[in-house]
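# An overview of the molecular structure
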Amino acid sequence: IISVSNTVMASDTQEDLAETQIRNHIDYINAKDWVNFINTYTNDQHLIWTEFLQDNNNIENHIGILNIKTASVIEIEEINPKNIYSISGLDELYSENDVFSNDIRTFVVGLDCIVYDENEFFSNGLNYFLFVMKQENQKWYVDQMTSIGDPGNYIDLGYLSSANFLEYEGIYESKNQAFSE
């Protein structure tokens, strides 16, 4: 019985490690701790993010991730690999073998954000992002973080709480007032 319990705990712990890394990623954004933020990414993303975060234009104009003042995790839902291509567009970045391997996991993450400037990628209130987590050296790292404009496909497949959204003619809009002022 103890060995079965340990096996279950190891599996639970493994699942928690990817989600913990996502939460760390968000904490580093809030703290503006860009060194540790970069370290949550896979090795092949380090140089890209270092250059992006050192670009004065990006800093001054709050481009991309620099547009977030604060963010709180509202929900994290792992996506079943069989649904990834139908809802995410990840077929451009990852092969089917990648998606069904044990080294890649995909999550949709709801963040309650306060931003500098609202735009098509970031708004005050509830924002959803697709996180692709990749395992390197037996640790989970962010490989991609992509904004999700319309979460309708995710809701339809049961990944997100539809209570967070208003639907009008098949278009979902977040109930921002419930999360941010």
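Please read all numbers here as calculations on a predicted model, not as lab measurements.

Using the criterion set out here, one finds one salt bridge in the structure. The partner of arginine 105 in a salt bridge is glutamate 78, and the shortest N-O contact between them spans 2.8 Å. Of this pair, arginine 105 sits in strand β2 (residues 104–115) while glutamate 78 sits in strand β1 (residues 68–78), and the two are 27 residues apart along the sequence.

Looking now at the environment of threonine 20. The topology assignment puts threonine 20 in helix α1 (residues 2–31). In the structure, threonine 20 is positioned 120 residues away from tryptophan 140 in sequence and 9.1 Å away in space, judged by C-alpha atoms.

The space that makes up the second largest pocket amounts to roughly 180 Å³. Lining of the second largest pocket is provided by Tyr41, Trp49, Gly64, Ile65, Asn119, Phe121, Phe122, Phe129, Met145, Thr146 and Ser147. With three residues, the top contributor of residues to the lining of the second largest pocket is strand β4 (residues 139–148). Considered class by class, the residues forming the lining of the second largest pocket number seven nonpolar, four polar and no charged.

Another point: the packing of aromatic side chains. The tally for this structure, following the rule as stated, stands at six aromatic pairs. Considering the side-chain rings of phenylalanine 37 and tyrosine 41, the 5.5 Å spacing of their centres and the 70° angle between planes classify their relative orientation as edge-to-face. Take phenylalanine 37: its relative accessible area is 0%, and that puts it in the buried class. Residue tyrosine 41 is classed as buried on the basis of its relative accessible area, which comes to 1%.

Here the protein averages 78 in pLDDT, and 64% of its residues register 70 or above. Note on residues 1–12: pLDDT under 50 across the span, and zero contacts to partners over four residues away in sequence or across chains. Residue range residues 168–172 is modelled with pLDDT below 50. Its contacts to residues more than four positions away, or to other chains, number ten contacts.

What follows concerns unusual backbone geometry. Residue lysine 32 is not a glycine yet carries a positive backbone phi of 55°. Of note, lysine 32 is situated in the loop between α1 and α2 (34–39). Judged by relative accessible area, which is 32%, lysine 32 ranks as partly exposed. Even without a glycine there, the phi angle at histidine 62 is positive, about 50°. Structurally, histidine 62 is set in the loop between α4 (56–60) and β1.

We now examine the pairing of β4. Sheet topology places strand β3 (residues 125–136) next to β4; nine bridges connect them, and they run antiparallel. Of the residues in β4, the one forming a bridge with glutamate 136 is lysine 139. In this antiparallel pair of consecutive strands, β3 and β4, the connection spans two residues, and asparagine 137 shows a positive phi of 50°.

Bringing the sheet that holds β2 into the picture now. Ordered by their spatial adjacency, four strands build an open sheet running β1-β2-β3-β4, and the pairing between neighbours is antiparallel. Where the open sheet ends on each side, the last strands, each with one partner, are β1 and β4. Across the sheet, the mean angle from the axis of one strand to that of its neighbour is 35°, orientation sign disregarded. Across ten bridges, the pairing between β2 and β3 is antiparallel. Within β3, the residue paired with isoleucine 104 across the bridge is lysine 134.

Conventions and cut-offs
- Residues numbered from 1 in each chain as written.
- Predicted model: local features only at pLDDT ≥ 70, side-chain atom pairs only at ≥ 80, totals over all residues.
- Heavy atoms only, no water.
- Salt bridge = Lys/Arg side-chain N within 4 Å of Asp/Glu carboxyl O.
- Helix = DSSP H or I, 4+ residues; strand = E, 2+ residues; numbered from the N terminus.
- 1 Å grid on protein atoms, 1.4 Å probe; cavity = no way out; pocket = protein on both sides within 12 Å on 5 of 7 lines; lining within 4 Å.
- Points joined across faces, edges and corners; volume = space filled by probe spheres on them.
- Nonpolar A, V, L, I, M, F, W, Y, C, P; charged D, E, K, R; others polar.
- Phe/Tyr/Trp six-rings, centres within 6.5 Å; stacked < 30°, edge-to-face > 60°.
- Buried < 20%, exposed > 50% of the residue type's maximum accessible area, 1.4 Å probe, protein only.
- pLDDT = per-residue confidence, 0-100.
- Contact = heavy atoms within 4.5 Å.
- Pairing = 2+ DSSP bridges.
- Axes fitted to C-alpha atoms, helices over the stretch in contact; angles between N-to-C directions.

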